[in-house]
Amino acid sequence: MGILYDDVVIIKQAEKEGEPTVITVNCPDKTGLGCDLCRIILFFGLSIYRGDVSTDGKWCYLVFWVFGKQNTRWSLLKKRLSECCPSCSSASGISYYTTDLEPPKPPEVFLLKFCCHDRRGLLHDVTSVLCELELTIKKVKVSTTPDGRVMDLFFITDTRELLHTKKRKDDTHDSLRAVLGDSLISCDIEKVGLEVTACSQFPTVLPPALTEDMKLEMIDSQKIGPAPSHNVTITMDNSLSPAHTLVQIVCQDHKGLLYDIMRTLKDYNIQISYGRFTTKTKTECEVDLFIMQADGKKIVDPSKQGALCSRLRMELYHPLRLALVSRGPDTELLVANPVELSGKGRPLVFYDITLALKLLDTGIFTAEIARHMIGDREWEVYRVLLDEGDGSSIPRNMIEEAVRKMLMGWE
């Protein structure tokens, strides 16, 4: 007999303020399950304080201690986590950490096109509505006309897979109207082809400040670290387990830290048999992972060890690239993050960018999200041209610091 659907994911909410909520997942294993679960938790705006993972390759047991917002939709989170887990009936026949399963059907892409009168914080308010509706932004093109109107083009997918229905479209329109009010002039949603969100294969003109380390496996920590204390220590040991390689990581905490580790291991086709994640202080985390390759063997090849350590170090030093550059008399903010091999991007990046700028009372003249191949990896690149036409001038270092802190979850 399998376990009941309601028992696949159990969420025990915190009883007192300051205590974590405990999320338990007990289900058959699949390739990259830990990464997918951490990505959903990150999308719901939760921070993982502690985590335990164990699996025998067929069945897995994961526990996450998380902190979140008061308005977290726990029932919806449970539903999304449960949908991510393989069905219990597959446990007896699941192949050990296979990657040759049939890929999931790509979600339908829709164009949300609307026009409205501009105001400060507009783009973040729209982004917040779309996140609340579980509409994932794949690509954006935002422009402001001389008469103060904004034309927004959002290429989106629907987590609920209902945007083709009239009711879902009407609900989206009503939610936008509730936030934008009379400033909303027109709004339309139509289905478009997948090619509009495809990764650009053409050379990308991006400043060296953003791209110089994208093609490197090793990075100078002094160049990219926010402070001298931002250190990442990674060690590998094959002597403590007859079947596994132990990876130990000590680093500074940031938003999505466990997701960054899990997505890296997923892309390298690495299986985690047992893992423990602990936040030791407000800023320092310790991670112990017993891992093996897809063939069930330890990682003994020094070159493979070096490549994995270098990639992990790079992703933990700098999970997002950020630069503020001059475009003639204007200032452009650029943020880039690597895309998983599965094609999934990092959650809430655009949300955090627009929130940071809204809190700074900094306007946005144009914005764009697109995917590009840089080196041998696919990147999601956010370009935001700041509106500095009202004469207000916030120092660039203050803007860059505020956006970086928002993205990394640093106070």
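Keep in mind the model is a prediction, meaning the values are calculated, not measured.

## Examining the side chain of R371
Tracing the backbone shows R371 in strand β15 (residues 363-374). For R371, a relative accessible area of 9% puts it in the buried group. Within polar-contact distance, the side chain of R371 engages the backbone oxygen of G343 at 2.7 Å. Polar side-chain contacts of R371 include one of 3.3 Å to the side chain of E380.

## Concerning empty space enclosed by the protein
Left-over empty space is what a probe sized like a water molecule reveals as it rolls over the atoms. Enumeration according to the criterion identifies five cavities of 30 Å³ or more in this entry. Considering only enclosed or pocket space, the largest cavity measures out at about 180 Å³ in volume. Along its surface, the largest cavity is lined by 17 residues, and G32, L33, G34, M262 and I272 are the ones closest to its centre. Mapped by element, the contributors of at least two residues to the lining of the largest cavity are α2 (33-43), β3 (47-55), β4 (59-67), α8 (257-267) and β11 (271-279). Classifying every residue of the lining of the largest cavity by side-chain character gives ten nonpolar, four polar and three charged.

## A closer look at the confidence of the model for the protein chain
Detailed reading of the predicted coordinates is not advisable wherever pLDDT falls low. Across the protein chain, pLDDT averages 86, with 85% of residues at or above 70. A low-confidence stretch, residues 90-101 stays under pLDDT 50, and its non-local contacts, those more than four residues away or across chains, total 28 contacts. Residue range residues 216-229 is modelled with pLDDT below 50. Its contacts to residues more than four positions away, or to other chains, number 21 contacts.

## A closer look at unusual backbone geometry
Positive phi outside glycine occurs at N269, with the angle close to 60 degrees. The residue N269 is located in the loop between α8 and β11 in this model. What makes N269 partly exposed here is its relative accessible area of 24%. The phi torsion at D361 lies on the positive side, around 60 degrees, for a residue other than glycine. You can see D361 is positioned in the loop between α10 (349-359) and β15.

## What about the packing of aromatic side chains?
When we look at a pair of aromatic rings, we describe it by the centre distance and by the angle of the planes. Scanning the model with the defined rule gives five aromatic pairs in all. Judged by centre distance (5.6 Å) and plane angle (80 degrees), the rings of Y49 and F67 are edge-to-face. In this pair, Y49 is assigned in strand β3 and F67 in strand β4, connecting sequence segments 18 residues apart. Seen from their ring centres, F350 and Y382 are 6.2 Å apart, and the 20 degrees between their planes marks the pair as stacked. You can see F350 sitting in helix α10 and its partner Y382 sitting in strand β16 (residues 377-387), a full 32 residues away along the chain. The pair formed by F350 and Y382 is uniform in burial state, with each residue classed as buried. Above the plane of the ring of W65 lies R50, whose end atom (NZ or CZ) is 3.9 Å from the centre.

## Brief notes about the pattern of salt bridges
Taken as a whole and assessed by the stated rule, the structure comprises 31 salt bridges. D170 serves as the salt-bridge partner of K166, at 2.7 Å between the closest nitrogen and oxygen. One end of the pair, K166, and the other, D170, are both in helix α5 (residues 166-180), four residues apart, so they sit about a helical turn from each other. Note on D170: relative accessible area 32%, which makes it partly exposed. The salt bridge involving E332 is made with R383; its shortest N-O contact spans 3.2 Å.

## Concerning the nonpolar core
Residues I23, L37, F64, L77, I249 and I261 are the most contacted members of the largest nonpolar core, which totals 51 residues. Top element by residues in this core is α2. It accounts for seven residues. When sequence neighbours within four positions are dropped, the list of residues in contact with L37 reads V25, L62, F64, L81, C84 and C85. Residues C116, V126, V129 and A367 belong to the second largest nonpolar core, which totals 44 residues.

Calculation criteria
- Residues numbered from 1 in each chain as written.
- Predicted model: local features only at pLDDT ≥ 70, side-chain atom pairs only at ≥ 80, totals over all residues.
- Heavy atoms only, no water.
- Helix = DSSP H or I, 4+ residues; strand = E, 2+ residues; numbered from the N terminus.
- Buried < 20%, exposed > 50% of the residue type's maximum accessible area, 1.4 Å probe, protein only.
- Polar contact = N/O pair within 3.5 Å; in protein donor to acceptor, adjacent residues only side chain to side chain.
- 1 Å grid on protein atoms, 1.4 Å probe; cavity = no way out; pocket = protein on both sides within 12 Å on 5 of 7 lines; lining within 4 Å.
- Points joined across faces, edges and corners; volume = space filled by probe spheres on them.
- Nonpolar A, V, L, I, M, F, W, Y, C, P; charged D, E, K, R; others polar.
- pLDDT = per-residue confidence, 0-100.
- Contact = heavy atoms within 4.5 Å.
- Phe/Tyr/Trp six-rings, centres within 6.5 Å; stacked < 30°, edge-to-face > 60°.
- Lys NZ or Arg CZ within 6 Å of the ring centre and 35° of its normal.
- Salt bridge = Lys/Arg side-chain N within 4 Å of Asp/Glu carboxyl O.
- Core = buried A, V, L, I, M, F, W, Y, C linked by side-chain atoms within 4.5 Å.

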